[in-house]
Amino acid sequence: MTLSSSPRAFDHAVVRDVEAEATTNARIGPYLRRNDRAVRETPQAQLRLLRRWERDRDRLRSRVRADPEQLADWRLERLRALVDSAYATVPFYRDLYRAAGFEPGAVVTMADFEQLPTVSKKTLVDAGVGDRLRAEHEGIRTLHTARTSGSSGLNMTVYQDNASVDFRVMVNLRHCELLLGSEMRPEDWRYSIYFAAERFSSLAGSYPFLTISQDTPTDLVLRHLSEVRPRVVLSFPSYLQRLAAEGVALDRFGVELISTNSERSTVQERRHYSEVFGVPVLDEYSSEEMTLIAYECPQRRYHLVEDNSYVEVARPDDQGFGPLVSTSLGNFLMPFIRYDQGDVVRLDTTGARCGCGSTFRMIDAFRGREDEALLDGPNRTVPSDAVLGLCDSTLVVVDSNVQQYQIVQTAPDLVTVLVRLIDPARGSDNPRVREFTDGMPKLFRHQRMRVEVVEVDEFPTFVSGKRRLVNVEPGARA
Ligand SMILES: [Zn+2]
């Protein structure tokens, strides 16, 4: 099967129909994720992105190997501009910085910047930053939205403008190049196994990007990979676990790289998958707020993506571990400045250069990001991508009236979902929540499961700021 390619689709002012091209057999259709975002991709937007990529890619590529001092100068300029912009355009930051004694222009050095107060998802949500931003900018500029609970279970909508989205797309393309160790070619497909389609299915026909559901049967994915022949596969680690059980190498289908995302996995797991699939399996560390934070290079070290976000480790303990506080350098519309997202890491402070050639600093170790897996009978667990997928289409959606949630397995046959509601008066009995309570038992194959919803006013705040999305109580292990 060959795929017809129409890289000059823009000439006819239509978007290349990547999904139609990738419908290579009768079974795959229902599993293709189509872009249903409020902001549609247009030929003009795709062409804009392609032109930006073609113009800026060499600069982006060289930044990875830049002299750290030059990079620091560039970053300081960017941080100053970001802080002043936030002060001018976002009342939340203006009030916060004013209270801390900062005036516009007060950030002169990095030391000044590091005196600014930190923020968290909770402080941004409680202050209604997103709602206000939407009200002020709707109709004035293109607002791209993504709603996420991340690993904290607290829902938030992240807003981006075109400039921010364009930067993100370019950083993601370079990301593939860094993991591949070579340049992406316009004809190379990226193939993602995920909840939602990418914003752009191609750049004016080049760099096609396809997304399929994590519910796709593994035998069908193998067949589809042999037909589409993507160069890069992006996947949840838990999907790779199922795919690896098929014992089929992927290099024979033209795959050169698998990049994992969204869940933690160990280096031992990724090495194992690399052996099974016959291609490198490397990780990315990212969040909806920051986009890419770090990538695992071919030498299996985690480099910070230093031109995409600026990372600090606040208040490190005697072993060097502390909360990761990061600042997005790409999003000026909804700024995340000194944002504590609840992860605890240790940076490599040896000053050693990595053999891959990148001069970006490295994360030495992560602590405690692992979520627990729901127990399906005494010896089995529910795949975490299935749980995350169900949440993403139900409790994360605004219609669910859920602001924050946590899934607790309290007994072998009982899952309790704790929810804090956006509007308590409307309650939790609605179609989205029912989709969740109906869908959850179907994820269990060996255990008959009951699901109860409990409304709570507040979730406890932990010192680390971190709470497990899925919690298995000792009583569930009976
Ligand atoms: Zn490296």
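Note that the structure is a prediction, hence the values are computed from the model and not measured. (Residues numbered from 1 in each chain as written. Predicted model: local features only at pLDDT ≥ 70, side-chain atom pairs only at ≥ 80, totals over all residues.)

> When you look at the overall build of the protein chain in this model, what are you seeing that I'm missing?
Tallying secondary structure elements over the protein chain gives 13 helices and 18 strands in all. Computed over its C-alpha atoms, the radius of gyration of the protein chain comes to 22 Å, within 12% of the 23 Å expected for a compact globule of 478 residues. Referenced to the eigenvectors of the C-alpha coordinate spread, the extents of the protein chain come out at roughly 60 × 55 × 50 Å. Per-residue burial for the protein chain yields a buried fraction of 38% across its 478 residues. Considering only contacts in the protein chain between residues 6 or more positions apart, those separated by 24 or more positions represent 65%. (Helix = DSSP H or I, 4+ residues; strand = E, 2+ residues; numbered from the N terminus. Rg over C-alpha atoms; globule rule 2.2 N^0.38 Å. Buried ≥ 20, exposed ≤ 12 C-beta atoms within 10 Å, placed from the backbone. Contact = placed C-beta atoms within 7 Å.)

> Please explain the packing of helix α2 (residues 43–63) against helix α8 (residues 162–180) as it appears in this structure.
Between two packed helices, both the angle of their axes relative to each other and the distance between the axes serve to describe the pair. Interhelical geometry of α2 versus α8 gives an angle of 55 degrees and a closest axis separation of 10 Å. What the angle tells us is that α2 and α8 run oblique. Judged by the twist between their axes, the crossing of α2 over α8 is right-handed. Contacts between α2 and α8 involve L49, R52, W53, D56, L60 and R61 on the former and, on the latter, D166, V169, M170, L173 and R174. Taken together, the residues of the contact of α2 with α8 break down into six nonpolar, no polar and five charged. (Axes fitted to C-alpha atoms, helices over the stretch in contact; angles between N-to-C directions. Parallel < 35°, antiparallel > 145°, perpendicular 65-115°, else oblique. Left-handed = near helix turned anticlockwise from the far one by under 90°. Nonpolar A, V, L, I, M, F, W, Y, C, P; charged D, E, K, R; others polar.)

> How should I be thinking about the confidence of the model for the protein chain in this particular structure?
Per-residue pLDDT for the protein chain averages 92, and the proportion of residues at 70 or more is 95%. Confidence over residues 1–11 falls short of pLDDT 50; this stretch has 21 contacts with residues more than four positions distant or in other chains. (pLDDT = per-residue confidence, 0-100.)

> Sorry if this is basic, but what is going on with the domain arrangement of the protein chain here?
Put simply, an interface is often sized by how much accessible area is lost when its parts join up. As assigned here, the protein chain comprises domain 1 (9–367) and domain 2 (384–477). Counting residues at the interface gives 20 residues for domain 1, matched by 20 residues for domain 2. Examining the composition of the side of domain 1 that touches domain 2, we find that three residues originate from one element, strand β13 (residues 339–347), more than from any other. Tallied by class, the residues present in the side of domain 1 that touches domain 2 amount to six nonpolar, eleven polar and three charged. (Domains from an automatic or database assignment.)

> Can you help me understand the sheet that holds strand β15 (residues 402–411) in this one?
Taken together, four strands build an open sheet; the order of strands is β17-β16-β15-β18 and the sheet is mixed. Two strands in the sheet have a free side with no partner beyond their single neighbour: β17 (450–455) and β18 (470–472). Ignoring which end each strand starts from, the neighbouring axes of this sheet average 20 degrees apart. Inspection of the sheet shows strand β16 (residues 414–421) paired to β17 by six bridges, in the parallel sense. In the strand pairing of β17, V415 is matched with V451. (Pairing = 2+ DSSP bridges.)

> Where do I start with the environment of A106 in this structure?
Looking at the secondary structure, you find A106 in the loop between α4 (91–99) and α5 (110–113). Judged by the 17 C-beta atoms lying within 10 Å of it, A106 is partly exposed. In the structure, A106 is positioned 332 residues away from D438 in sequence and 54 Å away in space, judged by C-alpha atoms.

> Sorry, what's going on with α4 here?
Side chains that are three or four residues apart share a direction in an α-helix, a result of its 3.6 residues per turn. Among the residues of α4, those classed as buried are Y93, L96 and Y97. Relative to the axis of α4, the buried residues are bounded by an arc of 90 degrees and lie together on one face. Exposed residues on α4 whose side chains face more than 90 degrees from its buried face are D95, R98 and A99. Taken together, the buried residues of α4 touch α3 (68–89). G101 lies just past α4 and shows a positive phi near 85 degrees. (Arc of directions from axis to C-beta.)

> Any chance you could explain the pairing of β15 here in plain terms?
Along any regular strand, the residues point their side chains to alternate faces of the sheet. Among the ten residues of β15, seven are classified as buried, and the element is accordingly described as predominantly covered. With eight bridges joining them, β15 and β16 adopt antiparallel strand pairing. Bridging across to β16, I407 finds its partner in V417. Taken together, β15 and the strand that follows it, β16, pair antiparallel across an intervening segment of two residues.

> Before we go on, may I ask you to explain the environment of V433 in this structure?
Locating V433 in the fold gives a position in helix α13 (residues 431–442). In this structure, the C-alpha to C-alpha distance between V433 and S400, residues 33 residues apart in sequence, is 5.8 Å. Not counting residues within four places of it along the chain, the set of residues in contact with V433 comprises T394, S400, S428 and V453.

> Would you mind showing me how to read the environment of T42 here?
Within the secondary structure, T42 is located in the loop between α1 (18–21) and α2. When the C-alpha atoms of T42 and E54 are compared, they prove to be 18 Å apart, with twelve residues separating the residues in sequence.

> Looking at this structure, how should I read the pairing of strand β9 (residues 291–296)?
In terms of burial, β9 is a largely internal element, six of the six residues being buried. Judged from the four bridges that link them, strand β8 (residues 281–287) and β9 form a sheet pairing that is antiparallel. By the bridge assignment for β9, Y285 is matched with A294. Where β8 folds back onto β9 in an antiparallel hairpin, the turn is made up of three residues.

> Mind showing me how you'd approach unusual backbone geometry here?
Apart from glycine, the bulk of residues carry a negative phi angle, and the bulk of peptide bonds sit in the trans form. For Y207, which is not glycine, the phi dihedral falls at a positive 50 degrees. Of note, Y207 is situated in the loop between β4 (190–193) and β5 (209–212). For R315, which is not glycine, the phi dihedral falls at a positive 45 degrees.

> How do you make sense of the nonpolar core when you look at a structure like this?
The tendency in soluble globular proteins is for nonpolar side chains to be buried as a group. Ranked by internal contacts, the top residues of the largest apolar core, which has 88 residues, are V83, L210, I258, I293, A294, V305 and I337. The greatest single-element share of this core, amounting to eight residues, is contributed by α8. L374, V382, A386 and M449 belong to the second-largest nonpolar core, a separate cluster that totals 22 residues. (Core = buried A, V, L, I, M, F, W, Y, C linked by C-beta atoms within 7 Å.)

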